[in-house]
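Analysis of the macromolecular model
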Amino acid sequence: MEEIKNILLCGVGGQGTILASKILAYALVDAGFDVKMSEIHGMSQRGGSVFTQVRYGQKVYSPIIGQGSADILVSFEAMEALRYVSNLAKDGHIVVNDYRIQTATTASGKESYPENIMETLKKKANTYVLDAAAIATKVGTAKSMNVVLLGALAKLMKLEDLNWDAAIAACVKPQFIDINREAFKAGMNAVS
C-alpha cells in the first residue's frame, strides 16, 4: 500500500495559503489520489495565522496531520515557519518564504520579531529559502508568491507531472490564470 504524504502549509491571512492548498488538492485528486484537506483560518482577516493540512495517498481517512508527521512544511511567512516547525517529521523538509509580516504585537513593540529564523530552521530540517515575493514580482505580481511556493513544493515532492495548468485554471479567476501558471513554473525552477 502506498504511503500517505502529509503537507502543512502556513502563512498569514491574505497571503493565499488556502488558495494554494485548493490548487494542490485539485491537482492531486485529478491525478487519482485520495485527498483530505483541513483548514484553520484563525484571525485571518486581521493578518493572523492561517494553516492548512493536505494529506494524500491511496486511501486517506483523516485530514489531520499528527504532531511530528508532516513530510513538508511550506511557510508563506518566516515567523509562521517557526510556529509550525514542531509539526515536521524528523526527515521532513521546509520551504520557507524569506518574507516578514509584522504582527500586532511586534508592530506595537510588545514583542520582538524573532531574529535568525532561517538559521534556526536550517538546524531543524532540510530547508529551502525562497524570496517568493521577488520571484513573483518578476513574473508580474507579488500577489502570486503563494503559487511560486506551490511550484517549489511540487518540485520537492516530485509532483511536477500533475496537471497543474488545469488545477490553476480551476481555482483562480480567469484573468489571473496565465500569471499564476508562470509563477508556478518560476517556483519549480527556484529549487533544485
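Everything quoted here is computed from the prediction, not taken from an experiment.

Calculation notes
Residues numbered from 1 in each chain as written. Predicted model: local features only at pLDDT ≥ 70, side-chain atom pairs only at ≥ 80, totals over all residues. Heavy atoms only, no water. Salt bridge = Lys/Arg side-chain N within 4 Å of Asp/Glu carboxyl O. Helix = DSSP H or I, 4+ residues; strand = E, 2+ residues; numbered from the N terminus. Buried < 20%, exposed > 50% of the residue type's maximum accessible area, 1.4 Å probe, protein only. Phe/Tyr/Trp six-rings, centres within 6.5 Å; stacked < 30°, edge-to-face > 60°. Polar contact = N/O pair within 3.5 Å; in protein donor to acceptor, adjacent residues only side chain to side chain. Pairing = 2+ DSSP bridges.

**Some points on the pattern of salt bridges**
For the structure shown, the criterion picks out 7 salt bridges. Close ionic contact of D34 with K59 constitutes a salt bridge, the shortest N to O distance being 3.8 Å. Remark: K59 occurs in the loop between β3 (49–57) and β4 (70–75) and D34 occurs in strand β2 (residues 34–40); sequence separation between them is 25 residues. On the basis of relative accessibility, which here comes to 36%, the residue K59 falls in the partly exposed class. For E182, the salt bridge identified is with K185, shortest N-O distance 3.8 Å. With E182 and K185 both in helix α8 (residues 177–189) and 3 residues apart, this pair spans about one turn of that helix. Note on E182: relative accessible area 41%, which makes it partly exposed. Classification of K185 as partly exposed rests on a relative accessible area of 40%. Within the structure, one salt-bridge network assembled from shared partners comprises D34, K36 and K59.

**Structural notes on the packing of aromatic side chains**
For the structure on display, the rule yields 3 aromatic pairs. Seen in terms of ring centroids, F51 and Y84 are 5.0 Å apart; in terms of plane orientation they differ by 45 degrees. Their pairing is tilted. Taken together, the positions of F51 in strand β3 and Y84 in helix α2 (residues 78–84) put the pair 33 residues apart, joining distant regions of the chain. Per residue, the accessibility class of F51 equals that of Y84, and both read buried.

**A word on the side chain of S75**
Note that S75 resides in strand β4. Residue S75 is classed as buried on the basis of its relative accessible area, which comes to 0%. Of note is the side chain of S75, whose polar atom sits 2.5 Å from the backbone oxygen of E77.

**Regarding the pairing of β3**
Burial within β3 is extensive, with 9 of its 9 residues counted as buried. Side chains S49, F51, Q53, R55 and G57 project from β3 onto one buried face, and the interleaved V50, T52, V54 and Y56 project onto a second face that is buried too. Pairing of strand β1 (residues 5–12) with β3 involves 8 bridges; the strand directions are antiparallel. Each residue of the ladder has a partner; that of G11, found in β3, is V50. Pairing between β2 and β3: 7 bridges, direction antiparallel. Looking at β3, one finds that D34 is bridged to G57.

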